[in-house]
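Chains, contacts and geometry: an overview
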Amino acid sequence: MILRRFGIGLLLLLATAGMKTASAAPMAPSAEEFVGPFLSWVNVQREYGAVGDGKTDDTAALQRALEDLLHRKKGAVLYLPAGVYRITRTLGAARKEHTDNLGVSVIGEDPTRTILRWDGPKGGTVFQYDAWYSRISRLTLDGAGKASVALAYGDAFSSYNETSDMVFRDVETGIKMGTADAGQAENAVLRCRFLRCSKAGLVTDNFNSMDIWVWNSRFEECGYGLLNQAGNFHAWENLFLRSRVMDIGSKNLMVFSVINNTSIGSRQFLDWESGFAWGAQTSITGNRIEGTTGEAAVRLGSAGPFLFAYNTIRSRPGKTGPEVVMTWGDQVFVGNTYTVANAVKTDGRFRQLDERVVAPDQVKIAPPLLPGTPPRRVRKVFEVPVGADAATLQKALDAAAALKGQRPIVHVPMGSYSIASTLTLPARCDTQLVGDGVETATLLNWTGKAGEPLLRIEGPSAATVRELSIVAGDGAGILVTHCDQRGGRIYGDQVSVNGAGARDSVGLFVQGVEQSDILMRCLQGGSNLGAWVRVRGGVLRGQGKAAPGQVSVLCGATGTSQTPYWVEDGGRLLVRSVYHERSAEGDQALQLRGAGSLFIDATRLSYGTSLQRPLIELDGFRGDFALTSSLLLPVGSSAPPQVALRGDGSRMNVLVMANTFWQTQYGVKTIQVWTDTTQPHAHAALLLNNMNVNAPKPTASASDPAKARDGYDPVENRGAADDAFLRRMLAPLREARVWTPRSAPAGVTALQLHRVQVTVKGPTNAITLQAD
């Protein structure tokens, strides 16, 4: 759990008929699948008498089920078969104790056929979900034009939740994250549909409602798609259709990312309201915007800084510029495409590179095929007895492995399991190892020899592991071997890795995997580890050859490891949209000494800063390091956050661009946040960064309105950043592959880890992905 202790306050014109067609656009087939229901799941019709005929008032039956789920009296998963459940008052069970509603799930059979329909008073809330480390999935919450909120998280603070494959329709607000008293953080919103939400599809409404990761969702005819009133969210690969106010709006500040979204026919795509001297560091990249109907598609307010890169805006017929209005603060525009002249109204400090205007018929923007709701397949299920030992569990795994090509399921129901010997999934199997949930649901506890893994997955593997916790103790968690093949894919969704303070412990260790793509979406944990993510190069890089694979962490949240990111021997890592919170001692976020590539974007680094040690230190580093659109925030300290370059700079390339260096007082000089003593000098640039200062400004400058604003100071540019250098350093963003699971040819790794928690105690690795 992340403890909240600090918060701060390209070629097609779509006609109307085409847009109607877009509204009914098909979903892409999903390589993920729905597993369940299992015998351990609690059926709301069979066990509580809910009817689901659309006429009977099912409120009381569902409420009894939720109150029992609060303490997991019958199980950790509440299952709703297909039906229309009439609801006349708000559903939900409030937490009173730490373990209430912990590690539970509410799952419907299918969102198109499992519907909670509001028939209560106007302005009500359909579902108040006061759970954590939980899931809610595969339901439609229908406000029937009367309900105010479909799904409200709270009132207690919660973390590590998944909201997936849900439909929210005909309400004012689809999802409300937070109340006046508590926030909601680390919530993955996946493959949801928001239909006719008159105020907003999703609202963040507390300064601790942070790390709301919205992926692959569809917003149709809403007021706002996403609205930040306080807190923050990250929007990745969503579709917005005809938003009446705008697709994405913010009335407050934090770190945001808006990546690879598509907007068609909305009034406006994005508006960061002006008037704030403190910034909202935001990465806006890879978006496609078609035919906004308002004055401008994008307005950048606040001090920023903003990275606006690789976006395409196709203006409606007859529209003239501008389509993007810059802020008075800091921004970088790279590689964007427009279809009108004077597309950008410039202001403040900015840099533009590779911008172009083309004819409208040279740009096609069509609705993307979003990933569909994972279908239920009929699979052979091997049920493991509650409390089974390692031998019994291994027997079930061996029986499943014999059914290669059939994706059999080994189900481990709610309970605690003592594992004294390594469980093994053999090579080339496609077994699915599935629990009932994390934390208090399905726990595998290592009691074997120190240093040995609890679970060994021999590659190449097409296995899936989901919904369970591994408490590895002095052992290791998961070891995956022989997983490096051209075209291989390793996918982690909401994986959480933690330690107990051992300096040599690693959360995720990628060892020599250079051909397979590794994508960790919404990676979490990281507390009390020597390194959260460590990437080591392999044979190809050792021979000076190109390595086609990528390692990416896209969205996540972590406590402060001693070294959160560590690249060596040519290892490459891309990190975007991550929240780092100080939950352990340590005053250094990064120390890079080896060789490799590390790109960090749209990330908050919260640390106890020190005058003795820079927050980020590169000492003789050989490779590329870039930090963009991020916030460097002292916590419990007043020393300025500093980036220091030292040692041999002959092979060091560094870009620190469009970031905020948070300060506690005015008068901090650039030399206090940036030092370069490399010999020979590194190729390094400090470009278009600023300082947010949490103190009154002693003087004002009438000649420079930006400098006169309380809370804002510019950081002076340093170093050399010509166009070629910027293109090189931004290449990881431009070339990044974002994907969802899909099948792979025989003999090629296609491994999936979904909501798997791993904790280690000793100097071992929670998860190791190993080439050989």
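This structure is a prediction, so every number in the text was calculated from the model and none was measured.

This part is about unusual backbone geometry. That bond from Gly36 to Pro37 is cis: its omega, 0°, falls within 30 degrees of zero. By the secondary structure assignment, Pro37 is in the loop between α1 (16–23) and β1 (42–43). With an omega dihedral of -5°, the bond running from Gly304 to Pro305 counts as a cis peptide bond. Note that Pro305 resides in the loop between β26 (298–299) and β27 (306–309). Of note in this structure, Asn342 is not a glycine but carries a positive phi near 50°. Structurally, the position occupied by Asn342 is in the loop between β31 (337–338) and β32 (344–345). One non-glycine residue, Arg755, adopts positive backbone phi at about 50°. Here Arg755 is to be found in strand β66 (residues 750–760).

The subject of this paragraph is the packing of aromatic side chains. Applying the stated rule across the entire model yields 17 aromatic pairs. Plain terms: the ring middles of Trp215 and Trp236 are 4.9 Å apart, the flat faces sit at 10° to each other, and that makes the pair stacked. One end of the pair, Trp215, is in strand β15 (residues 212–215); the other, Trp236, is in strand β18 (residues 233–236), with 21 residues separating them in the sequence. Each of the two residues, Trp215 as well as Trp236, counts as buried.

Bringing the sheet that holds strand β43 (residues 476–481) into the picture now. Reading across the sheet, the seven strands line up as β38-β41-β43-β67-β46-β48-β50 and stay open at both edges, with parallel pairing between neighbours. Both edges of this open sheet fall to β38 (423–425) and β50 (563–568), since each of them pairs with a single strand only. Between one strand axis and the next, the sheet turns through 10° on average, direction left out of account.

Judged by nonpolar contacts, the single largest core of 112 residues is most densely connected at Phe168 and Ile248. With residues up to four places along the chain from it excluded, the contact list for Phe168 reads Leu141, Ala150, Leu151, Thr163, Gly174, Ile175, Cys192, Arg193, Phe194, Leu195 and Cys197. In terms of nonpolar packing, the next biggest core, distinct from the first, is built from 89 residues, Leu397, Val410, Leu425 and Leu433 among them.

Looking at where Arg135 falls in the secondary structure, it is placed in strand β8 (residues 135–137). A distance of 3.3 Å separates the side chain of Arg135 from the side chain of Ser105, its partner in a polar contact. Residues in contact with Arg135, not counting those within four places in the same chain, are Val104, Ser105, Val106, Ile107, Tyr129, Glu162, Glu467 and Arg755.

Over its twelve residues, helix α4 (residues 390–401) runs 16 Å from end to end, which matches the ideal 16 Å to within 8%, given 1.5 Å per residue. Within α4, the full set of buried residues consists of Ala390, Leu393, Gln394, Ala396, Leu397, Ala400 and Ala401. One face of α4 carries all of its buried residues, which in axial projection span an arc of 160°. Facing away from the buried side of α4 by over 90 degrees, the exposed positions are Ala391 and Lys395. Packing partners of the buried residues in α4 comprise β35 (381–383), β36 (409–412), β37 (415–419), β38, β39 (432–435) and β40 (442–446).

Turning our attention to empty space enclosed by the protein. Its boundaries defined by the atoms lining it, the largest cavity holds a volume of some 260 Å³. Taken together, 23 residues form the lining of the largest cavity, with Glu33, Phe34, Arg135, Glu162 and Arg466 sitting closest to its centre. For the lining of the largest cavity, the secondary structure elements donating two or more residues are β8, β11 (161–164), β39, β42 (464–473) and β66. For the lining of the largest cavity, a count of residues per class yields seven nonpolar, four polar and twelve charged. Of the volumes computed, that of the second largest cavity is approximately 100 Å³. Considering the residues around the second largest cavity, the lining is formed by 13 residues, among which Val513, Glu514, Gly549, Val551 and Arg572 are closest to the centre. Among the elements of the structure, β48 (531–536) and β51 (571–581) are those that each provide at least two residues to the lining of the second largest cavity.

Moving on, we come to the sheet that holds strand β52 (residues 590–592). Taken together, the four strands give an open sheet; going across it, the order is β52-β55-β58-β61, and neighbouring strands pair in parallel fashion. Looking at the sheet topology across the chains shown, the edges are occupied by β52 and β61 (674–676). For this sheet, the mean angle separating the axes of adjacent strands, direction not counted, is 5°. Direction of pairing for β52 relative to strand β55 (residues 616–619): parallel, over a ladder of three bridges. Looking at the pairing, Leu592 lines up with Leu618 of β55.

A few words on the confidence of the model for the chain. Should the pLDDT be low somewhere, the predicted coordinates at that spot are not to be read in detail. On average, the chain scores 92 in pLDDT, and the residues at 70 or more come to 93%. When the criterion is pLDDT under 50, residues 1–24 qualifies, and its contacts beyond four places in sequence or with other chains add up to 77 contacts.

Here we take up the environment of Val654. In this fold, Val654 is placed in strand β59 (residues 652–657). Judged by its relative accessible area of 0%, Val654 is buried. Look past the residues within four positions of Val654 in its chain and what remains in contact with it is Leu618, Phe625, Leu645, Trp674, His683, Ala684, Ala685, Phe725 and Met729.

Let's shift gears to the layout of surface pockets. Counted as a void, the largest pocket has a volume near 570 Å³. Together, 25 residues line the largest pocket, and Arg541, Arg572, Ser597, Asp624 and Pro732 are the ones closest to its centre. At the level of secondary structure, the elements contributing two or more residues to the lining of the largest pocket comprise β49 (551–559), β51, β53 (595–601), β56 (622–628) and α6 (723–735). There is about 410 Å³ of room inside the second largest pocket. What lines the second largest pocket is a set of 24 residues, among which Asp430, Ala462, Ser743, Ala744 and Ala750 lie closest to the centre. Class assignment for the residues of the lining of the second largest pocket results in ten nonpolar, seven polar and seven charged.

Below, the discussion takes up the pattern of salt bridges. For side chains bearing opposite charge, pairing can occur when the charged atoms are close. Applying the stated criterion across every chain, the model contains 36 salt bridges. For Lys146, the salt bridge is made with Asp119, and the minimal N-O distance between the two is 3.3 Å. Within this pair, whereas Lys146 is found in the loop between β9 (140–142) and β10 (149–153), its partner Asp119 is found in the loop between β6 (114–118) and β7 (125–129), the two being separated by 27 residues in sequence. What makes Lys146 partly exposed here is its relative accessible area of 30%. Since its relative accessible area comes to 34%, Asp119 is described here as partly exposed.

Parameters and conventions
All chains use their own residue numbering, which begins from 1 and follows the written sequence. Since the coordinates come from a predicted model, pLDDT governs what is reported: local features require at least 70, and pairs of side-chain atoms require 80 or more to be given and counted, while whole-chain, interface and lining totals use all residues. As a convention, hydrogens and water are excluded, and side-chain values are obtained from all of the structure's heavy atoms. Helix numbering and strand numbering both begin at the N terminus, where a helix is a DSSP run of H or I of at least 4 residues and a strand a DSSP run of E of at least 2. Note on aromatic pairs: the rings of Phe, Tyr and Trp (six-membered ring only in Trp) are paired at centre separations within 6.5 Å, and the planes decide the class, stacked below 30 degrees, edge-to-face beyond 60, tilted for the rest. Throughout this description, buried means an accessible area under 20% of the type-specific maximum (1.4 Å probe, protein chains only), exposed means over 50%, and partly exposed covers the range between. By the convention used here, strands pair only if DSSP detects at least 2 bridges between them. Here an axis means a line fitted to C-alpha atoms, over the contact stretch when the element is a helix, while the angle between two N-to-C directions is reported on a 0 to 180 degree scale. Residues grouped as a nonpolar core are buried Ala, Val, Leu, Ile, Met, Phe, Trp, Tyr and Cys residues, joined through side-chain atoms within 4.5 Å. It only takes one pair of heavy atoms within 4.5 Å for two residues to be counted as in contact. Here a polar contact is recorded for every N or O atom pair within 3.5 Å, except that within protein the pair must consist of a potential hydrogen donor and a potential acceptor, and residues adjacent in sequence are included only if both atoms are side-chain atoms. Helix span, as expected, comes to 1.5 Å for every residue beyond the first. In this description, the arc belongs to the directions extending from the helix axis to the C-beta atoms. Both cavities and pockets are sets of points on a 1 Å grid over the protein atoms alone; in a cavity a 1.4 Å probe fits but cannot get out, in a pocket the set is open with protein on both sides within 12 Å along at least five of seven lines, and lining residues sit with an atom within 4 Å of a point. Grid points are joined across faces, edges and corners, and a volume is the space filled by probe spheres set on the points. Here the nonpolar group is Ala, Val, Leu, Ile, Met, Phe, Trp, Tyr, Cys and Pro; Asp, Glu, Lys and Arg are the charged ones; every other residue, Gly included, is treated as polar. What pLDDT conveys is the predictor's confidence in a given residue, as a value from 0 to 100. A side-chain nitrogen of Lys or Arg and a carboxyl oxygen of Asp or Glu constitute a salt bridge if their distance falls within 4 Å.

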